[in-house]
Amino acid sequence: MGRFFLLLLWVFPLFAQGVKEGLYRTALEYIQRANYIGALEILHFLGDYRDSRKLYQRLQEFFTPPPADAFKSEPFVRIKIAQSFRSFKASCGKIKGPFNRDVWEVTGECAVTFDGQSSVKIPPRGILKIFSHRGETLAVLYLPLEIYLRGVLAGEVYPRWPMEALKAQAVASRTYALFNLYKARQRGLPYDMDATTNYQVFKISALNRTRLARAVEETRGEVLTYKGGLIYAMFHSNSGGCTENFGEITGLSIPYLTSVRDNCNGITLKWNHWDRKLSKEGIKRFLQREFGIEVYRIEDLKVKRGTCGRGLLVTLETDRGDITLPLAVYFRIKMRLPSDWFFIIGKGGKHFILAGRGFGHGLGMSQWGAFCLAQRGWDYEKILKFYYRGVE
């Protein structure tokens, strides 16, 4: 018995070290992919492990607000629409290049196909630049900001929504785009954003939907500021009734990204409530894949909660010891749960039974919440100042 106990004392530090190293690798991966919030959350959790504090301090600089007057006129946004392709073909229009044997420009209303599969049509006033950057091929669309926003609204909200909700999304998306544009140019990156949920969804084929174009045009040039700087205007699908506090999950306080209750949970909205079965065998495979740890039993799952009851940390009780992880990264993202706000209503058998609320990271404006508030008669300015406290 004594030898067995000593063996456990020797094995457990190695077990914990493997978890920390896995977390650290994920943070580095997120930094490379510009998922700075996920990286901040992990580094905040890791504390003094390796150079986590140094990396954390470096990432904090990203959230320093750009000056509100950084752009004197409407800029062109650079949207990455394809990468790592071997060939491309343009069906029409004018093709210029090569410049320095690397850069091609495609203009006109031209369809471009990558590797004979995915195809995009270049919109009017758009320029597609195709080039190599650090050994990787990129296709980057240059488009005026206000036209770009039409495609963002098409990707992020529904055209039939109340106009005030659409306007709120237009202002939030414009602010978010300019924040990222400024940071990308400051760091010398070859594009500002991509067209996915890594930033904000952009639909290149849906730039002419009348109500979306109207929402963009009627808010043209309007942005959100806090103490003279552009805010990082995050948004998500559905808060489930209460938004996340940025400081609680990352350790970095951003005054306009605090928790607010929108009280829209009483009406039927998409993703207000959800249910999931979480396989215990799946959790074991996840631990093996992410951390190289083999456990035989998942005995319990416990959640440490923050504001409104949203999850901050999850602890897995296993036969080899407890494993605590940042919940949003490892359960919402990697295990594909709709949100970080859930309750465990069943633990027997082969699954944990979860009942959850909301969809997405929960930070900033809830899109379905904005829909709800607009239906109540709120205008877009009131909606925005409700979700982003203290902004102008």
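Residues numbered from 1 in each chain as written. Predicted model: local features only at pLDDT ≥ 70, side-chain atom pairs only at ≥ 80, totals over all residues. Heavy atoms only, no water.

A.B. asks: With reference to specific residues and values, describe the packing of helix 5 (residues 163-186) against helix 10 (residues 367-375).
C.D. replies: In contact at an axis separation of 8 Å, helix 5 and helix 10 are set at 140° when each is read in the N-to-C sense. The orientation of helix 5 relative to helix 10 falls into the category oblique. Our pair here, helix 5 against helix 10, has a crossing hand that is right-handed. Along its contact with helix 5, which presents E164, A165 and Q169, the element helix 10 presents Q367, A370, F371 and A374. Residue composition of the contact of helix 5 with helix 10, grouped by class: four nonpolar, two polar and one charged. (Axes fitted to C-alpha atoms, helices over the stretch in contact; angles between N-to-C directions. Helix = DSSP H or I, 4+ residues; strand = E, 2+ residues; numbered from the N terminus. Parallel < 35°, antiparallel > 145°, perpendicular 65-115°, else oblique. Left-handed = near helix turned anticlockwise from the far one by under 90°. Contact = heavy atoms within 4.5 Å. Nonpolar A, V, L, I, M, F, W, Y, C, P; charged D, E, K, R; others polar.)

A.B. asks: Could you give an account of the state of the cysteines, with specific residues and numbers?
C.D. replies: The full count for this structure, using the stated rule, is one disulfide. Between the sulfur atoms of C242 and its disulfide mate C308 the distance is 1.6 Å. Separated by 66 residues along the polypeptide, C242 in the loop between strand 12 (235-236) and helix 7 (246-250) and C308 in the loop between strand 14 (298-305) and strand 15 (311-318) bring together distant segments of the chain. Look at C242 and you get buried, because its relative accessible area is 1%. Under the relative-accessibility criterion, C308 is labelled buried at 18%. (Disulfide = S-S within 2.5 Å. Buried < 20%, exposed > 50% of the residue type's maximum accessible area, 1.4 Å probe, protein only.)

A.B. asks: So, the pattern of salt bridges: which residues are in play, and what are the values?
C.D. replies: Scanning all chains against the criterion turns up 21 salt bridges. Notably, a salt bridge pairs R174 with E146, separated by 2.8 Å at the nearest N-O pair. Of this pair, R174 sits in helix 5 while E146 is found in helix 4 (residues 145-156), placing the two residues 28 residues apart along the sequence. Note on accessibility: R174 and E146 belong to one class, buried. Put simply, K334 and E290 hold a salt bridge, and the shortest N to O gap is 3.7 Å. (Salt bridge = Lys/Arg side-chain N within 4 Å of Asp/Glu carboxyl O.)

A.B. asks: Please provide a residue-by-residue account of the sheet that holds strand 18 (residues 351-357), values included.
C.D. replies: Read across the open sheet, the three strands follow the order 13-18-17; overall the sheet is antiparallel. One side of each edge strand has no neighbouring strand; the edge strands of this open sheet are strand 13 (273-279) and strand 17 (342-346). Taking the axes of each pair of neighbouring strands and ignoring which way they run, one obtains an average angle of 30° across the sheet. Judged from the seven bridges that link them, strand 13 and strand 18 form a sheet pairing that is antiparallel. Across the sheet, W274 pairs through a bridge with G356, a residue of strand 18. Across the sheet, helix 8 (residues 280-291) lies against strand 13 and strand 18, angled at about 70° from strand 13, the strand it touches most. (Pairing = 2+ DSSP bridges.)

A.B. asks: Can you explain the nonpolar core? Please cite residues and give values.
C.D. replies: Among the nonpolar cores identified, the biggest contains 127 residues, and Y148, F331 and Y388 are the most heavily contacted of them. No other element matches the twelve residues that helix 5 contributes to this core. If we skip the residues at most four places from it in the chain, F331 touches L278, L301, V314, L316, R336, L337 and F342. (Core = buried A, V, L, I, M, F, W, Y, C linked by side-chain atoms within 4.5 Å.)

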